[in-house]
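Take a look at the letters that make up each chain.
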Amino acid sequence: MADNQMVCATCEPKGLCGGKGLVTFKEGAWANNPLAIQVLGICSALAVTNRLENSLVMGAALIFVCIGSNLIVSILRKHTPHRIRMVAEVAIIATFVILFDQFLRAFYWDMSKQLGPYVGLIITNCIVMGRAEAFALQNPPILSIVDGIANGVGYAVVLAIIGFFRELLGAGEILGHAVPGFTSWYTPNQLMILAPGAFFALGIVIGIFNAIKGPDPEENK
Amino acid sequence: MSETSVWVIFIAAIFTNNILLTNFLGMCSFIACSGQIKTSLGLGTAVIFVMIMTTIINYAVYYGVLMPLGLVHLQFIVFIAVIAAFVQLVEMIVERFSPKLYFALGIFLPLITVNCAILGASLFMIIRQYSFLQSVGFGLGAGIGWAVAIVLLAGLRQKMRYSHVPQCFQGVAIAMIVTGVLAMAFMGFAGMVSIQ
């Protein structure tokens, strides 16, 4: 549905499965992959994927925040007045982001400096907000955790794929180590590490996902 | 770090360090609302206004309240609360005094709360340790830069309706790649001025 990108915080993913955990997981991680299919939360996906290491840490952060916020929102779903649910959700998400940020600062200072403001920006990441709004508000805690894991993993995997190729093509390295024999026939293209490379990489990944998934019957553009 | 003149920061925030094309902030609404030039202009204007106001308020809150009380680690939650409250306030004021403007901007205002460019601008201001005037320059420049980028993309996407795009690339994928080309064009400004 083209329309569901219009309002990213409130957009409803198609076909919420009310049933089993496995269905929920597959739905979140593949069929409705937050990044490649729904195209949510792309800010951070573009910004931190210049190196594989950054991508992995960012993926971990999102999995953590997604699980935590889904769980709490789900537990409180019957006690939250409908009118202030947005504010409540933002407060819950922000709490988990602060936790993760403080953790990074305490134990991985270098990584914290590299990610800069993008850890804080998870608060405005549409995926977390969208899952809290669309899933955790209607479902019991356990299922919400599964959904949080699924969406977090779906996001992290795509992030890792993009980070892998950008670091490989842009610097000829993987996780900071030169790939033996690779640079002898390939000249690293700096562009892949810079901003335009991020857009190209994500555009191509989305295109490939669409091609594998086949044309969406609901999508007529 | 904070020696750079306000003017340099302002120009750099629009061109060389465009908040959208080099820092990737505000992508969600950038992709979603860039179908038409008119819509994107409306959103762009709203973003410029909210961004400059929230950087000023957040500057005051950070250095006036959070720093003296030693509550710096709460900056995220405080900033986002300030932004949400401010957007709500603007919406109410505009609705009361200028219904015309309200209908023009109406649907965009709530969207801005979740626009990461707004929160990003406040966070950059803290990380780069800008003075008050520098923050104002940065907020204004970043807002204008974002608006310029979204209007440009909207223009390109309007033209693109008549071109043949491979089926799997239609929609968001091709918009991404066009944005990449746009970002390359903006890299041409690099070296003119720079802020870090």
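Reading the values: the criteria
- Residues numbered from 1 in each chain as written.
- Chains lettered and ligands numbered in written order.
- Predicted model: local features only at pLDDT ≥ 70, side-chain atom pairs only at ≥ 80, totals over all residues.
- Heavy atoms only, no water.
- Helix = DSSP H or I, 4+ residues; strand = E, 2+ residues; numbered from the N terminus.
- Buried < 20%, exposed > 50% of the residue type's maximum accessible area, 1.4 Å probe, protein only.
- Contact = heavy atoms within 4.5 Å.
- Areas by Shrake-Rupley, 256 points an atom, 1.4 Å probe, with all protein chains shown as cover.
- Salt bridge = Lys/Arg side-chain N within 4 Å of Asp/Glu carboxyl O.
- Phe/Tyr/Trp six-rings, centres within 6.5 Å; stacked < 30°, edge-to-face > 60°.
- Lys NZ or Arg CZ within 6 Å of the ring centre and 35° of its normal.
- Buried area = accessible area lost by both parts, 1.4 Å probe.
- Polar contact = N/O pair within 3.5 Å; in protein donor to acceptor, adjacent residues only side chain to side chain.
- Nonpolar A, V, L, I, M, F, W, Y, C, P; charged D, E, K, R; others polar.
- Axes fitted to C-alpha atoms, helices over the stretch in contact; angles between N-to-C directions.
- Parallel < 35°, antiparallel > 145°, perpendicular 65-115°, else oblique.
- Left-handed = near helix turned anticlockwise from the far one by under 90°.

Draft legend 1. View of the overall build of chain A. Broken down by element type, chain A carries eight helices and two strands. Secondary structure elements in chain A, listed N-terminal to C-terminal, are α-α-α-α-α-α-α-β-β-α. Going through the 221 residues of chain A one by one, you find that 52% of them count as buried. Restricting the contact set of chain A to residue pairs at least 6 apart, pairs at least 24 apart contribute 72%. When the accessible surface of chain A is summed, it comes to about 9,700 Å², and 68% of that surface belongs to carbon and sulfur atoms.

Draft legend 2. Main features of the pattern of salt bridges. All names here are of chain A. As enumerated under the stated definition, the model contains three salt bridges over all chains in all. For the salt bridge of Arg51 with Glu53, the shortest nitrogen-to-oxygen distance reads 3.1 Å. Since its relative accessible area comes to 24%, Arg51 is described here as partly exposed. Residue class for Glu53 comes out partly exposed when judged on its relative accessible area of 34%. Across the pair Arg105 and Asp101 runs a salt bridge whose closest N-O atoms are separated by 3.0 Å. With Arg105 and Asp101 both in helix α4 (residues 85–107), this residue pair falls four residues apart, about one helical turn. The buried category is assigned to Asp101, whose relative accessible area is 6%.

Draft legend 3. Quick look at the packing of aromatic side chains. Evaluated as defined, the whole model comprises 16 aromatic pairs over all chains. Relative to Phe107(A), the ring of Phe103(A) lies with its centre 5.3 Å away and its plane at 50°, an arrangement referred to as tilted. With Phe103(A) and Phe107(A) both in helix α4 and four residues apart, the pair spans about one turn of that helix. By relative accessible area, Phe103(A) is classed as partly exposed at 40%. Its relative accessible area of 59% is what places Phe107(A) among the exposed residues. Grouping aromatic residues by their ring pairs yields a cluster made of Phe64(A), Phe96(A), Phe100(A), Phe103(A), Phe107(A) and Tyr108(A). The ring of Phe97(B) has Arg96(B) sitting right over it, with the charged end atom 5.1 Å from the ring centre.

Draft legend 4. Geometry of the interface of chain B and chain A. Counting residues at the interface gives 42 residues for chain B and 44 residues for chain A. Between chain B and chain A the total buried area reaches about 3,500 Å² when both faces are included, carbon and sulfur atoms providing 83% of it. There are zero salt bridges connecting chain B and chain A. Remark: the boundary between chain B and chain A carries two residue pairs in polar contact (both at pLDDT 80 or more). Only α2 (27–32), α4 (75–97), α6 (108–113), α7 (116–127) and α9 (172–187) of chain B provide two or more residues apiece to the side of chain B that touches chain A. The element best represented in the side of chain B that touches chain A is α9(B), accounting for 10 residues. Within the side of chain B that touches chain A, the residues separate by chemical class into 29 nonpolar, 12 polar and one charged.

Draft legend 5. A look at the packing of helix α3 (residues 37–69) of chain B against α7(B). All names here are of chain B. As a packed pair, α3 and α7 sit with axes 9 Å apart at the nearest point and diverge in direction by 40°. Looking at the two axes, α3 sits oblique to α7. Once α3 is placed against α7, the crossing between them reads as right-handed. On α7, the residues that touch Val47, Val50, Met51, Thr54, Thr55, Asn58, Tyr59, Tyr62 and Tyr63 of α3 are Ala117, Ile118, Ala121, Ser122, Met125 and Ile126. Of the residues belonging to the contact of α3 with α7, the class tally is 11 nonpolar, four polar and no charged.

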